[in-house]
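If you want the building blocks of each chain, they are given just below.
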Amino acid sequence: MPSVDLNADLGEGFGVWELGDDDAMLAIVTSANLACGFHAGNPVRLARTCESAVQSGVQIGAQVGYFDLAGFGRRYIDVEPAELTADIIYQIGALEALAKAAGSAVGYVKPHGALYNTIVTDRAQARAVARAVRAVDPGLPVLGLAGSVFFEEAAELGLRTVAEAFADRAYEPDGQLVSRRRSGAVLHDPVQIAERVAMMVTTGAVTAVDGTTITVEVESVCVHGDSPGAVTIAAAVRDRLLADGIELTSFT
């Protein structure tokens, strides 16, 4: 039976601000990308989310990003590589302690937001992130975009790379994500999204914003936990994949 991982960005509330329904999403997904405090998330919330992930049998991943709470990590920062490496090590280490206290461990690393998009093409920052992951644990897989320079740098350092596709994000003809600044960058129709994911998983293709069909590599599918209707979208994707005979299972 073919299988795929279903992941979501969780633990992104901060202080009095609630963002998304983590418990509902944990009942659907197989992997949880947990914010590590730099773009979102705080210790007590992340501790609770780690505990909930363990109870739900969901693998925990460190979602690392720029030090940008005000911008939710969605603003590019021209940070020096050595500083970025230290920042990533710090974030993984913080989440690893909370996951261990909950009876689990960090199973993989996924960059967030602007950092995720930057290291598709920025080799210096891509190398800095890859070096950080290897420094913490050479056995940690990294989740990202196939064909990115981040994957090239990670593979050169011996890290396992896991190709991710996005359920609710539009694609450019070159396979990159459409900027959130553009209209139509984020999709909202659960039925349309579920159909699109089924196409990606079963055929390895998706329709780009210009109407062309492009190739996508899919080992894990991301549904953004902070999107409006995220739970409904995630459930629709899960149900469609199961109906198509595709098993949902974590990649580790």
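Preceding block: the structure.
Residues numbered from 1 in each chain as written. Predicted model: local features only at pLDDT ≥ 70, side-chain atom pairs only at ≥ 80, totals over all residues. Heavy atoms only, no water.

Colleague: What am I meant to see in unusual backbone geometry here?
Modeller: Peptide bonds are, in most cases, trans, and in most cases residues other than glycine have a negative phi. The residue F72 is not glycine, and still its phi comes out positive at about 55°. Position of F72 among the secondary structure elements: in the loop between β3 (59-64) and α3 (81-101). With relative accessibility at 15%, the residue F72 sits in the buried group. (Helix = DSSP H or I, 4+ residues; strand = E, 2+ residues; numbered from the N terminus. Buried < 20%, exposed > 50% of the residue type's maximum accessible area, 1.4 Å probe, protein only.)

Colleague: Just checking my understanding: could you explain the side chain of R196 for this structure?
Modeller: Mapped onto the fold, R196 is located in helix α7 (residues 190-203). Apart from residues no more than four positions distant in its own chain, R196 is found in contact with F166, A167, D168, R169, A170, Y171, L187 and V206. (Contact = heavy atoms within 4.5 Å.)

Colleague: What exactly am I supposed to notice about helix α6 (residues 149-156) here?
Modeller: For an α-helix, 3.6 residues make a turn, and residues three or four places apart therefore share a direction. Regarding α6, the residues found buried are V149, F150, F151, E153 and A154. Buried-residue contacts for α6 involve β4 (106-111), α5 (123-136), β5 (142-144) and β6 (161-166). Where α6 ends, the next residue or the one after it, G158, has phi of about 85°, a positive value.

Colleague: Help me understand the packing of aromatic side chains, please; the structure alone is not making it clear to me.
Modeller: Applying the stated criterion to the full structure yields 6 aromatic pairs. When the ring of F38 is compared with that of F67, the centres are 4.7 Å apart and the planes differ by 35°; the resulting orientation is tilted. With F38 in the loop between β2 (31-35) and α2 (43-56) and F67 in the loop between β3 and α3, this pair connects stretches of sequence that are 29 residues apart. Of the residues examined, F38 reaches a relative accessible area of 9% and is grouped as buried. Taking the centre distance of 5.5 Å and the plane angle of 85° together, the rings of Y116 and F166 count as edge-to-face. A residue pair is termed long-range when its members are at least 10 positions apart, and Y116 in helix α4 (residues 113-118) and F166 in strand β6 qualify at 50 residues. Each member of the pair, Y116 as well as F166, is classed as buried. Every member of this aromatic cluster is reached through a ring pair, and the members are F38, F67 and Y90. (Phe/Tyr/Trp six-rings, centres within 6.5 Å; stacked < 30°, edge-to-face > 60°.)

Colleague: Looking at this structure, how should I read the packing of α7 against helix α8 (residues 230-243)?
Modeller: When two helices pack together, their arrangement is given by the angle between the helix axes and by the axis-to-axis distance. Put simply, α7 and α8 touch, their axes get as near as 8 Å, and they point 45° apart. With respect to α8, the element α7 is oriented oblique. In the crossing of α7 with α8, the sense of the turn from one axis to the other is right-handed. Contacts from P190, I193, A194, E195, V197, A198 and V201 in α7 reach T232, I233, A236, V237, R240 and L241 in α8. Of the residues contributing to the contact of α7 with α8, the split by class is 10 nonpolar, 1 polar and 2 charged. (Axes fitted to C-alpha atoms, helices over the stretch in contact; angles between N-to-C directions. Parallel < 35°, antiparallel > 145°, perpendicular 65-115°, else oblique. Left-handed = near helix turned anticlockwise from the far one by under 90°. Nonpolar A, V, L, I, M, F, W, Y, C, P; charged D, E, K, R; others polar.)

Colleague: How should α2 be read in this particular structure?
Modeller: Between its terminal C-alpha atoms α2 stretches 20 Å, which fits the 20 Å expected from 14 residues at 1.5 Å a residue. Among all positions of α2, only R45, L46, T49, C50, S52 and A53 are buried. Projection of α2 onto a plane perpendicular to its axis shows the buried side chains occupying an angular sector of 165°, all on one side. Seen from the buried face of α2, the exposed residues on the opposite side, beyond 90 degrees, are P43 and Q55. Considering only its buried residues, α2 is in contact with α1 (22-26), β2, β3 and α3. Downstream of α2 by one or two residues, G57 has phi in the positive range, about 70°. (Expected span 1.5 Å × (residues − 1). Arc of directions from axis to C-beta.)

Taken by themselves, the reported measurements are silent on function.
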